[in-house]
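Structural overview
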Amino acid sequence: MAEAHSAVAFSFAITHEGWDVNFDREVLHLVWDSGVRSWKKRVARLKNNLKTGFYPVPISSLFATAAVVSGSHYYGIELPGLDKILRLIPNKDIKYEIAACAGLSAIGFLGFSLSLKYALKALFMYKGWMYESRGPGKKPSLKTRAWLFCVKLVSGPSRPMLYSYQGSLPRLPLPSVKETMARYLRSVRPLLDDKQYTRMEKLAQEFQNGIGVKLQRYLVLKSWWATNYVSDWWEEYVYLRGRSPLMINSNFYGIDTLFMHPTTNQAARAAVVIYSMLQFRRLIERQELEPIMLQGVIPLCSWQYERMFNTTRVPGVETDKIVHLLDSKHIVVYNRGRFFKVIIHHNRRILLPCELEIQMQNILDNDTPPSVGEERLAALTAGDRAHWAQTRQEHFFKGINRQALDAIEKAAFIVCLDDVPYEFDKNVPSKLDEFGRTLLHGKGYDRWFDKSFTLCVGTNGKIGVNAEHSWADAAVTSHLWEFTIIEETSGNWADAAIMSQSVEHVVFNEIEIGYKEDGHTKGTPSFAPPPPIKLQWDLKDSCLNAIDASYQVARQLIDDIDLHIYMHDAYGKGFMKQCRLSPDAYLQMALQLAYYRNAGKFSLTYEASMTRLYREGRTETVRPCSIESATWVKAMSDNSKTVSEKVALLQKACLQHQKAYLDAMCGKGIDRHLFCLYVVSKYLEVDSPFLKEVLSEPWRLSTSQTPHGQTSKLDLKKYPNCISAGGGFGPVADDGYGVSYIVAGEDILFFHISCKKSCPTTDSKKFGQDIKQALHDIRTLFLEYKKENGAKK
């Protein structure tokens, strides 16, 4: 509404009677409110930046320091440095003395805060605590306990903000070429025969003693200069320069909780979830979201949260770019082929769920047909990137198409009100498979794959998310998901709602958040919310042809993807703990056993681990296929091996995997270092046979664990129905599998398995059965082991 009137908010005309000036006071009032809100955000942002810049020292201590310095001076107590400043004063005027005291206070405050900040950075560089064994009856070493005491002492009692620790996080360390070569050769040993390994050993030695020395020098220089020597190149060359479609190849999805169904009303569920996500956005903007802390003490980098909302990946002919806005007052909703702009901020506050439900229902009841070409317009974001960039430049550069596209790209996020239900039935696995496929790719034209994330809502009120990958990794999106689900379940909304309204000077006597018995949202609207605005398009025949070309590409990808979600409820994390093994290592060994039985050989395996213990850290690769894992897998089919021997080999393989995972988290990985060396070689235009061969090796088994319970709020004992089914992604290799898994609870696991139908050697359902059998065989192995040991005792 405001946008429609803004063009005539102020007008004038010259007549024979003189000047005729007209003002639209309502619109000018809206413009004024918008400006006030913008300046409030700027002031709040500046205030928060000051707080985080001096953390862990509170800014209030600056005034206390000034009071102490001034008081000491006037009581005749000479402080070090003050006398030197006073000698520079032209006269003994009291104003100059106050200025001198203030200057010394500022210098002392700044020096103290920087000292503590760098002390924290030095403390955070210690990673020995990660390698110490943990469990019942085991205490940290004296060194680690002393380190923890120092961290808590330096951090102080003040509550950290989202970005408080950013300046104290250390830089990602750069390993030596020699160390990386040794780790790489060890990782590929089970994949190569003696002849192949000797050849690879020779290539690695030549690289280490040859061009690797020169390439490493440039990386050392970058590691000194840049905040993170990997992240910017990783974002640009792995994501933004990729020209293949985002759908299936890059974007990932997340599934709703399967055992909780608060309402079957599509509009109501969409409204509550939208509201929750907007509250999460507010917490990020005000830095009131608590950073993720390991052991409650060690912070993870929060850099990726900044671009969660108001962000779009804009296509380019050669490379894309990420465009992030500081603010957005609307979302865009897609329903039955139409795009609607929905205002989410009105009368100086965010709309409440009961008001958002009115807007969602308005869209669902709207019978206006889509414009010509509008229904499949989003297929452009699902096709080849260069084609989309050229089409965007040609047909969306100006006019109403540009205005409509701007509304989409500048939205806080996208919501898709789908025309199909999202279903789960334990006895009908195909329904969960269809749930996953709907979120991964939909129809190929009903998701805006360029947006940071798209919230999808089924007709039965079930929800899911499709997320673009370049701006952040899955753990960050998972944090949003956990917040949304637990806030909806616990009903702890009133505090957040009141807080947000008090900031905007709006007071309500009663805040009702949740669902009524009939499934609608609680609460009574305070006003009629702004009605959704249908976006208008003028798509020429050439543009329609471009849309159809992208849709055909998307259709081929969809027809070729094979996705199966296997729910394993025979046992879960509880049994793995009884075996005294890391659940992640346990499941990775099960995947190794399943893949070997499925493919008849070992394969290069990718597992993502985070490097967010360092500033601007993203991910590193763990290579689960190791010498130890291969030895154990072969032993499982060797009848000459005893149960005790097999268990010992499995324990050894799990310990090696756990060490490799920790090494990757601590900057001692293999693949990011080799990737950066390769980028430098391309800049220098030098060829390396070793790097070329290493980076062309296919990851036929690409795996990732979906994090669960990142925050203390998600207490599964208190809210057992909040178990998430996790999410998944497409296969990395044409002849391989993509496997995402989640340890959802003590007795339940989910595996999202994807592959391509065009490959005759892969089958997602068959691999799911192999995983099931592998998990059964490992459990049986341990039960036999316990039985034997019990009999001996």
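Residues numbered from 1 in each chain as written. Predicted model: local features only at pLDDT ≥ 70, side-chain atom pairs only at ≥ 80, totals over all residues. Heavy atoms only, no water.

Once that is clear, we can look at the side chain of Thr391. Counting through the fold element by element, Thr391 comes out in helix α13 (residues 385-395). Within the local environment of Thr391, its side chain forms a polar contact with the backbone oxygen of His387, the two atoms lying 2.8 Å apart. Here Thr391 is in contact with Leu380, Phe396, Cys543 and Ala546, once residues within four sequence places are set aside. (Helix = DSSP H or I, 4+ residues; strand = E, 2+ residues; numbered from the N terminus. Polar contact = N/O pair within 3.5 Å; in protein donor to acceptor, adjacent residues only side chain to side chain. Contact = heavy atoms within 4.5 Å.)

Tyr305, Met308, Phe413 and Phe690 are the most contacted members of the largest nonpolar core, which totals 112 residues. If one sorts the elements of this core by residue count, helix α11 (residues 266-285) sits on top with 11 residues. Here Phe413 is in contact with Ile274, Met277, Leu278, Phe309, Ile331, Val332, Lys451 and Phe453, once residues within four sequence places are set aside. Counting residues in hydrophobic clusters, the runner-up holds 42 residues, among them Tyr586, Met589, Val647 and Ile778. (Core = buried A, V, L, I, M, F, W, Y, C linked by side-chain atoms within 4.5 Å. Buried < 20%, exposed > 50% of the residue type's maximum accessible area, 1.4 Å probe, protein only.)

Time to look at the pattern of salt bridges. Taken as a whole and judged by the stated rule, the model has 38 salt bridges. Among the salt bridges present, the one from Asp232 reaches Lys222, with a minimum N-O distance of 2.7 Å. On the criterion of sequence distance, the pair formed by Asp232 in helix α10 (residues 231-240) and Lys222 in helix α9 (residues 211-225) is long-range, its members being 10 residues apart. Look at Asp232 and you get partly exposed, because its relative accessible area is 40%. The class of Lys222 is buried, set by a relative accessible area of 12%. In this structure, Asp419 engages Lys443 in a salt bridge whose closest nitrogen and oxygen atoms are separated by 3.1 Å. Residue Asp419 is found in the loop between β12 (414-417) and α15 (429-440), and its partner Lys443 is found in the loop between α15 and β13 (453-457); the two are separated by 24 residues along the sequence. For Asp419, a relative accessible area of 41% gives the class partly exposed. (Salt bridge = Lys/Arg side-chain N within 4 Å of Asp/Glu carboxyl O.)

Our next topic: a nonpolar patch on the surface. On the surface, a cluster of nonpolar side chains totalling about 290 Å² of accessible area is made up of Leu110, Leu114 and Tyr118. For Leu110, a relative accessible area of 40% corresponds to the partly exposed category. (Patch = residues over 30% accessible without salt bridge, like charges linked within 9 Å, V, L, I, M, F, W, Y side chains within 5 Å. Areas by Shrake-Rupley, 256 points an atom, 1.4 Å probe, with all protein chains shown as cover.)

In contact at an axis separation of 11 Å, α13 and helix α18 (residues 541-560) are set at 160 degrees when each is read in the N-to-C sense. As judged from the angle between their axes, α13 and α18 are roughly antiparallel. α18 is crossed by α13, and the crossing has left-handed handedness. Residues His387, Thr391, Glu394 and His395 of α13 form the contact with α18, whose own contacting residues are Ser542, Cys543, Ala546, Ala549 and Ser550. (Axes fitted to C-alpha atoms, helices over the stretch in contact; angles between N-to-C directions. Parallel < 35°, antiparallel > 145°, perpendicular 65-115°, else oblique. Left-handed = near helix turned anticlockwise from the far one by under 90°.)

Glancing now at the confidence of the model for the protein chain. Model confidence for the protein chain is summarised by a mean pLDDT of 88, while 87% of its residues fall at 70 or above. Every residue in residues 1-9 is under pLDDT 50, and counting partners more than four places away or in other chains gives 14 contacts. (pLDDT = per-residue confidence, 0-100.)

Before going further, it helps to spend a moment on the sheet that holds strand β19 (residues 701-705). One open sheet accounts for 6 strands, arranged β16-β22-β21-β19-β17-β18; its pairing is mixed. The sheet is open, and its two borders are formed by β16 (561-568) and β18 (619-622), each paired with just one other strand. Each adjacent strand pair in this sheet contributes to an overall mean axis angle of 20 degrees, direction not counted. Sheet analysis places strand β17 (residues 605-610) next to β19, joined by 3 bridges and oriented parallel. For Tyr606, the partnering residue across the bridge sits in β19 and is Ser702. Across the sheet, α15 lies against β16 and β22 (748-756), angled at about 130 degrees from β16, the strand it touches most. Together, β17 and β18 form the strand contacts of helix α22 (residues 643-665), whose direction differs from that of β17 by roughly 50 degrees. (Pairing = 2+ DSSP bridges.)

So, about α13. Taken together, the buried positions of α13 are Arg385, Trp388, Ala389, Thr391, Arg392 and His395. Buried residues of α13, seen end-on, are gathered within an arc of 165 degrees and therefore sit on one face of the element. Exposed residues lying more than 90 degrees from the buried face of α13 are Gln393 and Glu394. As for α13, its buried residues are in contact with β6 (311-314), α14 (399-409) and α18. (Arc of directions from axis to C-beta.)

Checked against the element boundaries, Pro160 lands in the loop between α6 (142-155) and α7 (177-188). What makes Pro160 buried here is its relative accessible area of 18%. A C-alpha to C-alpha distance of 7.5 Å links Pro160 and Pro291, two positions 131 residues apart in sequence.

Turning to empty space enclosed by the protein, a few remarks are in order. Following the criterion strictly, the structure yields 6 cavities of 30 Å³ or more and no others. Considered as a void within the structure, the largest cavity measures approximately 110 Å³ in volume. Residue lining of the largest cavity: 17 residues in total, with Leu172, Val230, Thr611, Thr619 and Arg672 positioned closest to the centre. Those elements that provide at least two residues to the lining of the largest cavity are α10, β18 and α23 (671-683). Partitioning the lining of the largest cavity into residue classes produces 6 nonpolar, 8 polar and 3 charged. (1 Å grid on protein atoms, 1.4 Å probe; cavity = no way out; pocket = protein on both sides within 12 Å on 5 of 7 lines; lining within 4 Å. Points joined across faces, edges and corners; volume = space filled by probe spheres on them. Nonpolar A, V, L, I, M, F, W, Y, C, P; charged D, E, K, R; others polar.)

Attention now goes to the pairing of strand β21 (residues 737-745). The element β21 is largely enclosed, with a buried count of 9 among its 9 residues. Of the strand pairs in this sheet, β21 and β22 are connected by 7 bridges, and their pairing is antiparallel. Within β22, the position partnered with Ile742 by the bridge is Phe750. Once β21 ends, the chain turns through 2 residues before running back antiparallel as β22.

A few words now on unusual backbone geometry. In this structure, Arg580 takes a positive phi of about 60 degrees despite not being glycine. Although it is not a glycine, Glu685 sits at a positive phi angle of roughly 60 degrees. Along the chain, Glu685 falls in the loop between α23 and α24 (689-695).

With that out of the way, let us pick up the sheet that holds strand β15 (residues 533-534). In spatial order, the strands read β15-β9-β8-β12-β13-β14-β3-β20; together these 8 strands make up an open sheet with mixed pairing. The open sheet is flanked by β15 and β20 (727-728), the only strands paired with a single partner. Pairing between strand β3 (residues 252-255) and strand β14 (residues 463-467): 4 bridges, direction antiparallel. The residue of β14 that forms the bridge with Ile255 is Gly464. Packed on one face of the sheet, helix α12 (residues 353-365) meets β8 (330-335), β9 (338-343) and β12 and runs near 160 degrees to β9.

Where α11 contacts α12, the two axes come as close as 8 Å, and the packing angle between them is 135 degrees. Taken together, the axes of α11 and α12 lie oblique to each other. Where α11 crosses over α12, the two elements pack in a sense that is right-handed. Residues Gln266, Ala267, Ala268, Ala270, Ala271, Val272, Ile274 and Tyr275 of α11 form the contact with α12, whose own contacting residues are Pro353, Leu356, Glu357, Met360, Gln361 and Leu364. Looking at the contact of α11 with α12 residue by residue, the classes come out as 11 nonpolar, 2 polar and 1 charged.

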